[in-house]
Amino acid sequence: MNPIKKTLLLSLPFAIFACGPKWTEEAQDGYQLVKNKDGATLGYHKNSGVQLLTVNQLAFKDLNKNGTLDSYEDWRLSAQERAENLASQMSTEQIAGLMLYSAHQSIPGAARGFGASTYNKKPFPDSGAQAGDLSDQQKQFLTDDNLRHVLITRVESPKVAAQWNNNAQAHVEGIGLGIPVNTSSDPRHGSDSYAEYNAGAGGAISMWPSTLGLAASFDPGLMETFGTIASQEYRALGIATALSPQIDLATEPRWSRFDGTMGEDPKLATDLARTYVDGFQTTDGKGWGMQSVNAMVKHWPGGGPEEGGRDGHFGYGAYAVYPGKNMKDHMMPFLEGAFKLKGETKSATAVMPYYTISDGHGEAVGNGYNQYLVTELLRDTYGYDGVLCTDWGITRDVSAIDKFEGKPWGVETLSEAERHYKAIEAGMDQFGGNNDMKPVIAAYNMGVKEHGEKKMRARFETSAVRLLLNIFRTGLFENPYLNIANTEKTVGKPEFMQQGYNAQLRSIVMLKNKANSLPVAEKKKVYVPERYVAPSVNWWGIVTPERIEPAFNMEVVAKYFEIVDSPDTADFALVGIKSPDGGTGYNKQDVENGGNGYVPISLQYDTYTANDARETSIAGGSPLEEFTNRTYKGKTVTARNTRDMDMVNDTKQKMGNKPVIVVVHVSKPMVFSEIEPNADAILAHMGVQDQALLEIIAGKHEPSALLPFQMPANMKTVELQFEDVPRDMEPYVDAEGNSYDFAFGLNWKGQISDDRTKKYGTK
C-alpha cells in the first residue's frame, strides 16, 4: 500500500509520537504560522474554527473540521489528487460558487457610483469601518453565494490590501470546506507620468511601460523580468491570479484596446507571451510556489480583428472578422507561446475568450458561447485543459447597441440562466463579473433535465477540479495569509522601481532626428506649450471637463533645462501630445440624422471622410438593430484632440528654424503626415514617466526601442487593410526618408539594425 494512503487511514487528531512533532507554531499579526520541518508552512486563523492535525509528526490543517486528514488537506499529495478529492466533497451550490468570478471590487468600496458598497449598511466614510474590512456585499457573496474568486481594482495602499486579504481569508476559512479566496487583478503596473522617479519610492507598486511599451524593447527576456517582479508584488498584495496577459494580435490599428497588446507581429507576440507567463507563474525558477501567479491569457481566439476597429464591449463592436482568412496567426501567441512555456509550469493556467462573435467560425455567438471555438478547437484539437473563464458580464442583459451593460452577443434573446447553461455546454468553467450563484444553479438544473444528474454532476466536478488546481498550485490552501510588514517591504521596493524605470527607458522609440536635433545639451532654454484637453465621457458615464494643462511635469523639466515662456527666447521647443482620438465608430447623432449610427474611427487629427471604406460591412444582424449593413462609407469624423496637431504646427511657426521636439504618447497607430513635417525630432512612447523621456532628450540614455506595429501612410491604407492580417499597410515615410514600419527605430547613429531586427523584422 502507498505509505501516504496508509497514513490517511490511521490519521487521528490526537496522534502523538514519542519523538515529538516536527513542526513549530508562532503567532503572527492576526493569524498563526506553522512551520513543518522539511515541509509546508501553514497559516490559519484561531477564530476560524480550524484545528491542526498531527500525522507522522507533521502538521496539517483540518479545513473541513471533521477530525480526519482528508486528501485535499494533505500537502504531501499532488495538486491533482487534492483537487479531485475536494471537488468530490463539494455540494452543487459550493461548486456553483466556485464558478463565479466577482465584479470589480475596490478596497475600500466607493461611497457611490461604479463599485459602490456599504459597511454595516452605510457608505464607507460614514460607517466607522477600517479600510481593510470586508464590505456587506463581499460578506454576502463569500458566504451566501460561495464565491471564492475576487477581482480587485483600486486599493488604498499595499498595507490595506494585505489587511483585506487576511480578513477575507479568515472569513472563508471558517465556512464549509475552508476553500481560500483566489484574488485577481487586471494589469496594475502602469507608470505615472507626473511622478518623478525615485529608487526609494516604496509603497506604490513598481512602474513599468504598458505591455505594448515592453513589446517595443523586442526583448522577451525583459518581459520575463517584468513577470517575475510583478508576480512578487502581486503575491505580496494577496493576488494569486493575473487577468493578463492580453495576447490579442493587434492586426486592426483602430481598435481601442490596441495599447494593451504585444503588437501586431505573431512571432514577436508569441515569444513575449511565453516569457510573460513564465515570469508570472514560476517561483525561483523551480515551477509552482508561493511567488507564483496564475496567468489568465486573453482573449481566445484573439480579440484583435474587430470590424472597423469597433470594440466588443458594445454591441456595435460585436463582430471579429477575417477577410484575410487568417485566424491561425491570432491563435499563435496562445498555442506556441502561452501554452508552450519553457518553465516547469508548462502552460498558462486559464484562458478568457473575448466578447466578440468570430464571424464565420462556428455558431454566430460570442466566443464564450461558441462550442466550436471553446471545446472542439481549444479543448479537443489543441488539448488545452486549464480554466476557461468568460469575459466580464457576458450573461447580463443589454438594452441598446451602444449601452455599456451586458455583452450577450448572439444570445441576446436568451434568459440569464439560459446563457449560463449555453456557456457551460460550450465548455466554459467560470463566469466573469457574476456574484450570484442562482443562475448557475438554474443552469445546472437545466442540464439535469437534459442529461441526467450523473452527467451534470460530473460536468460540474470537472470544472471544479480545474478551478481548484489554480488555488492548490499557488499554495493558498497551505497559507493564504500575508505578513503585512513584508507586504510593505516588497511592493514598490527600490530594486523593483529601478527595474521598471530601466524598462521605461528601453521602451521609447525615436522616429525622427533631423540634423541631430537630439540629444539637447542640458540647461538650454526650452519653450513648452500647454496642452488643451477636450471634454470627455467614459464608459461609465463619468464626465471629465475640458482643461488646459502642462504637457509635462514642469518640475522635472526644470531639472534638465531652463524653462522660458516665449518661443523667441527659447533654444528649442518641447511639445507633448497624444495620438489621435478618432472616436469609437458609433455616433447617436448619426442615428438622429437618419443614418445607421456607424461612423469611421480615424487615426488622423484632422477631419476625415471615409471614401475608401467598404460599401457593405462583413458582419451584422444584431437583434438590437433592424438592418445588417454597418457600413460607414462616405461619413466624416474629426478627432477629439485635433488641437494636438495645431499645437505642433503652431509651435513650429513660432520657433522658425529652431528645433521642435515632439513627444507622442501613442495608444495605437497614427497618421504622421499632419505633424511630422513640423517636427525636427519625434519620440514615441506607450506610457512612461516624464523623467525617462527627459533622460533621452538630454542624452543621458540612448534610445533603443523599435516600433512593434506599423504607422500607416494615410487613412486609405487603413481602410484597405484586412482586420485579421498583420503588417499589411503602406507605412508612413517621413521627410528624412525613414519608413515608420514594423521594427523601425533610431538611435544616435541612425536606423537601428541588430539581432532584434534580423530576427523579427522580416515577415
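Placed above this text is the structure.
Summary of the structure given here.

**Let's talk about helix α14 (residues 453-472)**
Counted at 1.5 Å a residue, the expected span for α14 with its 20 residues is 28 Å, and the 28 Å between its end C-alpha atoms agrees. Counting buried positions along α14 yields 14 of 20 residues, so the element is predominantly enclosed.

**What to know about unusual backbone geometry**
Cis rather than trans, the peptide bond between I107 and P108 has omega equal to -5°. Mapped onto the elements of the fold, P108 is located in the loop between β7 (105-107) and β8 (118-119). The omega torsion of the bond from W300 to P301 falls at -5°, within 30 degrees of zero and hence cis. Among the secondary structure elements, P301 is positioned in the loop between β13 (294-300) and β14 (319-320). The phi angle at N120 is positive, at roughly 55°, despite the residue not being glycine. Secondary-structure assignment places N120 in the loop between β8 and β9 (122-123).

**Quick look at the sheet that holds β7**
On the basis of which strands lie adjacent, the open sheet formed by 7 strands has the order β7-β10-β11-β12-β13-β15-β17 and parallel pairing. Two strands bound the open sheet, and with one partner strand each, they are β7 and β17 (387-388). Relative to β17, strand β15 (residues 350-353) runs parallel, the two being bridged by 2 bridges. Within β17, the residue paired with V351 across the bridge is L388.

**Some thoughts on the pattern of salt bridges**
What the rule picks out here adds up to 33 salt bridges. Residue R419 is joined to D397 by a salt bridge in which the shortest nitrogen-to-oxygen separation is 2.7 Å. Taken together, the residues R419 in helix α12 (residues 416-426) and D397 in the loop between β17 and α12 connect sequence positions 22 residues apart. Note on R419: relative accessible area 1%, which makes it buried. Note that D754 is salt-bridged to R756, the shortest N-O span being 2.9 Å. Residue D754 is classed as partly exposed on the basis of its relative accessible area of 24%. One network of salt bridges, with partners in common, ties together R379, D385, D429 and R466.

**Some points on helix α19 (residues 642-655)**
When the terminal C-alpha atoms of α19 are compared, their 20 Å separation across 14 residues agrees well with the 20 Å that a helix rising 1.5 Å per residue should span. All of the buried residues along α19 are D644, M645, M647, V648, T651, K652 and M655. All buried residues of α19 fall inside an arc of 160° around its axis, so they share one side. Considering only its buried residues, α19 is in contact with β20 (525-527), β21 (531-533), β26 (572-578) and β29 (660-665). The positive-phi residue at the C-terminal boundary of α19 is G656, with phi of around 65°.

Cut-off values and rules
Residues numbered from 1 in each chain as written. Predicted model: local features only at pLDDT ≥ 70, side-chain atom pairs only at ≥ 80, totals over all residues. Heavy atoms only, no water. Helix = DSSP H or I, 4+ residues; strand = E, 2+ residues; numbered from the N terminus. Expected span 1.5 Å × (residues − 1). Buried < 20%, exposed > 50% of the residue type's maximum accessible area, 1.4 Å probe, protein only. Pairing = 2+ DSSP bridges. Salt bridge = Lys/Arg side-chain N within 4 Å of Asp/Glu carboxyl O. Arc of directions from axis to C-beta. Contact = heavy atoms within 4.5 Å.

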